[in-house]
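# Close look at the chain arrangement
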Amino acid sequence: MTPAWAHGICAGLHASGCREVVYVPDNPLSHILAVLGQDYPDVRTTLATREEEALGIAAGLYLGGARPVVLMQSSGLGNTLNALGSLLVAYQIPVLLIISMRGGPGEWNWAQVPMGRALVPVLDAFGIRHVTIEDPGSAEERIRAAAALAFGTRHPAACLLPRRLTAPGGRS
Amino acid sequence: MKRIEAIVCISKTLADEPVIVSLGHPAYDLFAAGDRPLNFYTWGSMGMTSSIALGLALALPGRRVIALDGDGSLLMNLGSLATIGACAPPNLIVIVMDNGEYGTTGGQATATRSTADLEGAARAMGIARTCTVRSLDELERVLAESRHAPGPWVVVAKVEESAPALKPPQDCVFIKQRFMAALGAPEPGTEGMRL
C-alpha cells in the first residue's frame, strides 16, 4: 500500500501541469515513483546519475516547454549547488524540487546530519523559497502552492518531506 | 583543426537546431561563428551542457538538439553519458570540442591529453553512434551523416586551442527568453495576456 502523502503529492503535481519528473531515488521517494507509475501514465520519469545532472536535465525540459520536477534526498542537494546557483537561479529557470529529508529528529546515521542541518540555510542563501508537508492531508495543497510559486514566478522552489511525514514513528 | 574552425564548420550546417553550448571558449567561439537566438550560452554550471541538451531533446522529440561541449566539461559530468545511453533520444547530437586542456582557465591539461577516451566512454555507456574526428572534412562528413542516422550521437572532435575574439551576451535571462521565443513557445510571462 502506497501512503496517502505520496498520492497527495502526485495529485498536486498532476493538477499543476507537471508531466516530467527527473529523480535520484531514495526510500520515501520510491512511493512517489510507484504512484506515478500506477496512476499517472502521462507523467514521464527520468533517472539521473546525480542530482546536479538532474537539474541540468530539468532545465532543458523547461526550455522545451515542460514544468519539470526533480526528486532528491537532502544529501543530494549538496551535489547540486553550482548548477542550482549558476543555472536555475541565474537564468530564472523554474524547477520544483521535492526533497526527502534526512538528518533531522529520528536520524540514526550521523553522516546524514551535517547536510540535513545545512539544507534549509542553503536554500535560504540561494533565495529558494520552500514549503514543508507536515501531514498527508495537506500534501496536495502544499505541492500546488509550491508549484504555483515556482512556475508562476519563474524561479526554483522546493517542497520538503520531513521524516515525521515519510517515516512516522521515527523509523529512518 | 583549431576549435574556432570546427565551430564555424558546425555553425554553417545549422538550420533551426537549438544549440546548448558550454561556458567559456566554446560559447565564445559559437558566438563568433554567428550569433543566433537558438544558441543557449551557458555562463556557469560547468558540465551541464549535455544534460540540458538531453532534457531539451526529451521535451522536443521532433527537433534535432545539439550540445556543444568541451572535454573538461564532459569529464565533470560523465554520468550524463550513462543517462543519454539509457534514454537514447534519437534527436540528440553531443559534439565535444576535445583540446585536451582547460582552455578557458589557462590551458591546464585534462585527462584526455593522456589517457581518457571520451568516445570510448560514450560507447561503453550504450550510446548508439559515436566517433572521433580529427579534420574538418571528417567533421563535415559526420555532421551530414547525423542528419539521416538516428542518434543519440557523441562526436569527439580533436581540436587545438585558439584564442577567442568575442564574447556572447552575458544576461542570462535575456539568453533564455530569446532562446525560448526562437523555439516557438515564448516563456510564460514574457507576453501580455487577455484579462
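In what follows, the structure referred to is the one given above.
Residues numbered from 1 in each chain as written. Chains lettered and ligands numbered in written order. Predicted model: local features only at pLDDT ≥ 70, side-chain atom pairs only at ≥ 80, totals over all residues.

### Some thoughts on helix α7 (residues 139–153) of chain A
Within an α-helix, residues lying three or four positions from one another point in the same direction, as the helix has 3.6 residues per turn. All names here are of chain A. With 15 residues, α7 extends 21 Å between its outermost C-alpha atoms, agreeing within 8% with the 21 Å of an ideal straight helix rising 1.5 Å per residue. Taken as a whole, α7 has its buried residues at A139, E140, R142, I143, A146, A147, L149, A150 and F151. At its buried positions, α7 is contacted by α1 (4–15), β4 (96–100), β5 (129–132) and β6 (157–161). Count one or two residues on from α7 and you reach R154, which has phi positive near 55°. (Helix = DSSP H or I, 4+ residues; strand = E, 2+ residues; numbered from the N terminus. Expected span 1.5 Å × (residues − 1). Buried ≥ 20, exposed ≤ 12 C-beta atoms within 10 Å, placed from the backbone. Contact = placed C-beta atoms within 7 Å.)

### Quick look at the sheet that holds β6 of chain A
Sheet strands pair via backbone hydrogen bonds, and the direction of the pair is either parallel or antiparallel. Residues and elements named next belong to chain A. One open sheet holds the 6 strands; their spatial order is β2-β1-β3-β4-β6-β5, and the pairing between them is parallel. Pairing within the sheet leaves two strands with one partner each, and these edge strands are β2 (44–47) and β5. Averaged over all pairs of adjacent strands, the angle between strand axes in this sheet comes to 20°, irrespective of strand direction. Both β5 and β6 contribute to a ladder of 4 bridges, which runs parallel. (Pairing = 2+ DSSP bridges. Axes fitted to C-alpha atoms, helices over the stretch in contact; angles between N-to-C directions.)

### With respect to the packing of α1 of chain A against α7 of chain A
All names here are of chain A. Between α1 and α7, the shortest axis-to-axis distance is 7 Å and the interhelical angle comes to 35°. In this structure, α1 meets α7 at a crossing whose hand is right-handed. In this structure, α1 contributes W5, G8, I9, A11, G12, L13 and A15 to the contact, and α7 contributes A139, E140, I143, R144 and A147. For the contact of α1 with α7, the class distribution of residues is 8 nonpolar, 2 polar and 2 charged. (Left-handed = near helix turned anticlockwise from the far one by under 90°. Nonpolar A, V, L, I, M, F, W, Y, C, P; charged D, E, K, R; others polar.)

### Description of helix α3 (residues 51–63) of chain A
Across its 13 residues, α3 of chain A extends 19 Å between first and last C-alpha, which sits within 8% of the 18 Å expected from 1.5 Å per residue. Phi turns positive, to about 105°, at G65 of chain A, one or two residues after α3 of chain A.

### Some thoughts on the sheet that holds strand β2 (residues 39–41) of chain B
Residue and element names in this part refer to chain B. An order of β2-β1-β3-β4-β8-β7 is seen for the 6 strands of this open sheet, with the pairing classed as parallel. Because the sheet does not close on itself, it has two edges, and the strands there are β2 and β7 (129–133). Between one strand and the next, the sheet's axes are offset by a mean angle of 15°, whatever the strand orientation. In terms of strand pairing, strand β4 (residues 92–98) meets strand β8 (residues 153–158) through 6 bridges, oriented parallel. By the bridge assignment for β8, I93 is matched with W153. Lying over the sheet, helix α3 (residues 49–59) contacts β1 (19–21), β3 (65–70) and β4, oriented at roughly 175° with respect to β3.

### Points about the interface of chain A and chain B
With 24 residues of chain A at the contact, the number on the chain B side is 27 residues. Taken together, the elements giving at least two residues each to the side of chain A that touches chain B come down to α3 and α5 (81–89) of chain A. Of the residues forming the side of chain A that touches chain B, the biggest block, 8 residues, is contributed by α3 of chain A. Across the side of chain A that touches chain B, the residue classes tally to 12 nonpolar, 9 polar and 3 charged.

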